[in-house]
Amino acid sequence: MPGPRARPIGRRPVGCARRPAARSKMAARAQRGGVAAALLAGALLAFGRLPLALGQAAAEGSAAALPHRRFEYKYSFKGPHLVQADGTVPFWVHTGNAIPSADQIRITTSLKSQRGSAWTKNKSMFEYWEVEVTFRVTGRGRIGADGLAIWFTEEQGLEGPVFGAADQWNGVGIFFDSFDNDGKKNNPGVIVVGNNGKLLYDHQNDGSTQALASCQRDFRNKPYPVRVKITYYQKTLTVLINNGFTPDKEDYEFCAKVEDMVLPSQGYFGISAATGGLADDHDVLSFLTFQLTEPGKQVPTPDAEIPQKDKEKYQEEFEHFQQELDKKKEEFQKEHPDVQGQPGKLFERFFSCQGKSDDLFETVSDRELRQIFEGQNRIHLEIKQLNRQLDMILDEQRRYVSAVTDEIARRGAGFPGQQGQVSHQEIETVVKTQEEVIRQVNEIRNSMADTLRLISGAQHPGSAAGVYETTQHFNDIKEHLHVVKRDIEHLVQRNMPSSEKSKCPDLPPFPSCLSTVHFFIFVAVQTVLFIGYIMYRSQQEAAAKKFF
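Quick caveat: nothing in here was measured; it's all calculated off a predicted structure. (Residues numbered from 1 in each chain as written. Predicted model: local features only at pLDDT ≥ 70, side-chain atom pairs only at ≥ 80, totals over all residues. Heavy atoms only, no water.)

### Here's the deal with the UniProt feature "transmembrane region" (unreviewed entry) in the chain
Piece 1. In the UniProt entry, the feature "transmembrane region" (unreviewed entry) is given for residues 517-536.
Piece 2. The span residues 517-536 is 100% helical and 0% strand by assignment, and the distance between its end C-alpha atoms comes to 29 Å. (UniProt positions renumbered as here; feature names shortened; annotations may be inferred. Helix = DSSP H or I, 4+ residues; strand = E, 2+ residues; numbered from the N terminus.)

Dropping the structure here:
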């Protein structure tokens, strides 16, 4: 099968310029075109220029052109419970530094010179396909390396120098290149490179001389996972990308398109990544594959795609389980001859009464009632905890007031001449603080009373705003408690005697033992060391640049 046709060197790749965002699926875009045609036909009909039947025919013809889309689980993976007990991913094989986990596959870790990949075990049996890949590329540096690649090749490229996979592949690779090797400041970017099994990838120029299409997109350190949709249908390859700025899974933008592209009719899907002098974590969260069938063609049945050897194996297992089931039936009939031919009695044997089977399932009203009771129980526990904290704060406040009163009495007794003045100031401070504390406690009590009232009203399932208001009152209570605590601490610090306040010790006189000659010698040595460090750092940064 001939490989994809490479474009002439120096020709501007298709898709380099930014194009309007494509926010919907490919099928939805075609259907939207059909709806627009129908609306246009209706408008022209209002002016008496076009019959309505023409618009309906256009809409039906556009909808009929949509391909049939079927999910292929043997060429896909997605968490959770991604890894089996032996550490493998079903229907996939991983090599190199790839580490599968319960919810993702880490192709490479953020260490230097790492390579990893994951490939399907079996070849695909369909000509046209669509893959949706969700991944994250994260790193601590401002720039990263090397990047990630999505593959469809005639043979598995388990290990190699091209983003962790083999070179001279027969198929297509979509590269998410993080590092700028050619110094053109066009990275991170997405590059589509085809190969017929004879070309060597041009690392020095980031594949720009071999790119069939490309677009510049930043996919590192995004708040949400980056999503890519790659569609190969009727010899046209389309790449849509979701940059990961929004949680909307269908917020795709157009990236690249390659027409008249011939790929192998059967091949392996894979994903790989690599690091160099710089390193990123390359995590793949899901890889979903769909088979596309042209309208009018018969959709192949799943049995037609199963190899004959596997069919025979599955048939033997089915016959074995069927024999085991027949044996179990015969043994049960021998042990319970009174229930033969009467399935109702068999059911009653497992359930003592007919109504007991209903207890095994939870109705919608029962579930809502249980959720309401659980929520009220949690609210009740939170209120009890707040009450305990409020009691503790009141006890501390009483102790602080007692301590302040004793201190005022002691200072008044120790300084008779200033007794009237000190007592007046301290009493005013204590009274103001007490009024503030009382006001805060009253607000807390009012908030708790409102919370209790909301809890009593939450017994009605239709009250949806009660949960939000309850959470808001809890936040208000926490803020009031912080204010009370801060005021009490301020009161204690302000009423503390000046003699008890800690003072920093005086610094001893610093000896002047450095002469002018020694100072200039020290400055010269520091300058030499600084220049040497700068030269060493420059050499390290130059060596850190990656060139395969």
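### Let's talk about a negative patch on the surface
Piece 1. There is a patch of like negative charges on the surface, built from Glu 312, Glu 316, Glu 317 and Glu 319.
Piece 2. If you trace the backbone, Glu 316 turns up in helix H3 (residues 308-335). (Patch = residues over 30% accessible without salt bridge, like charges linked within 9 Å, V, L, I, M, F, W, Y side chains within 5 Å. Areas by Shrake-Rupley, 256 points an atom, 1.4 Å probe, with all protein chains shown as cover. Salt bridge = Lys/Arg side-chain N within 4 Å of Asp/Glu carboxyl O. Lys, Arg positive; Asp, Glu negative; His and termini not counted. Charge placed at Lys NZ, Arg CZ, Asp CG, Glu CD.)

### As for the pairing of strand S8 (residues 147-153)
Piece 1. With respect to burial, S8 is a largely interior element, seven of its seven residues being buried.
Piece 2. On S8, burial covers both faces: Gly 147, Ala 149, Trp 151 and Thr 153 on one face and Leu 148, Ile 150 and Phe 152 on the other are all buried.
Piece 3. Alignment of S8 against strand S9 (residues 170-177), held across seven bridges, turns out to be antiparallel. Considered in S9, the bridge of Phe 152 is made with Val 172.
Piece 4. Where S8 meets strand S15 (residues 268-274), seven bridges bridge the pair, whose relative direction is antiparallel. Within S15, the position partnered with Gly 147 by the bridge is Ala 274. (Buried < 20%, exposed > 50% of the residue type's maximum accessible area, 1.4 Å probe, protein only. Pairing = 2+ DSSP bridges.)

### Focus: unusual backbone geometry
Where the residue is not glycine, phi is negative for most of them; where a peptide bond is considered, it is trans in most cases.
Piece 1. Residues Gly 79 and Pro 80 are joined by a peptide bond in cis, for which omega reads 0 degrees.
Piece 2. Counting through the fold element by element, Pro 80 comes out in the loop between strand S2 (77-78) and strand S3 (92-96).
Piece 3. Each neighbour pair has its own omega, and for Asn 187 with Pro 188 the value is 0 degrees, a cis peptide bond.
Piece 4. Mapping Pro 188 onto the fold places it in the loop between S9 and strand S10 (189-196).
Piece 5. One non-glycine residue, Lys 235, lies in the positive phi region at around 60 degrees.

### Side note on the packing of aromatic side chains
Piece 1. According to the stated counting rule, one finds 26 aromatic pairs in the structure shown.
Piece 2. Geometrically, the ring pair formed by Phe 163 and Phe 175 is tilted, given 5.0 Å between the ring centres and 35 degrees between the ring planes. Taken together, the residues span a long stretch of sequence, with Phe 163 in the loop between S8 and S9 and Phe 175 in strand S9 at a distance of twelve residues.
Piece 3. On the basis of relative accessible area, Phe 163 is assigned to the buried category, the value being 6%.
Piece 4. Three or more aromatic residues joined by ring pairs form one cluster here, namely Tyr 75, Phe 77, Trp 92, Phe 126, Tyr 128, Trp 129, Phe 152, Tyr 232, Tyr 233, Phe 269 and Phe 287.
Piece 5. Directly above the ring of Phe 290 sits Arg 69, whose terminal nitrogen or CZ lies 3.7 Å from the centroid. (Phe/Tyr/Trp six-rings, centres within 6.5 Å; stacked < 30°, edge-to-face > 60°. Lys NZ or Arg CZ within 6 Å of the ring centre and 35° of its normal.)

### So, the nonpolar core
Piece 1. One finds Trp 129, Phe 135, Phe 176, Val 192, Leu 237, Ile 271 and Phe 287 to be the most contacted residues of the largest nonpolar core, which totals 46 residues.
Piece 2. No other element matches strand S7 (residues 128-138), which puts six residues into this core.
Piece 3. With residues up to four places along the chain from it excluded, the contact list for Phe 287 reads Tyr 75, Ser 76, Phe 77, Trp 92, Val 131, Glu 132, Val 133, Ile 150, Phe 269, Gly 270 and Ile 271. (Core = buried A, V, L, I, M, F, W, Y, C linked by side-chain atoms within 4.5 Å. Contact = heavy atoms within 4.5 Å.)

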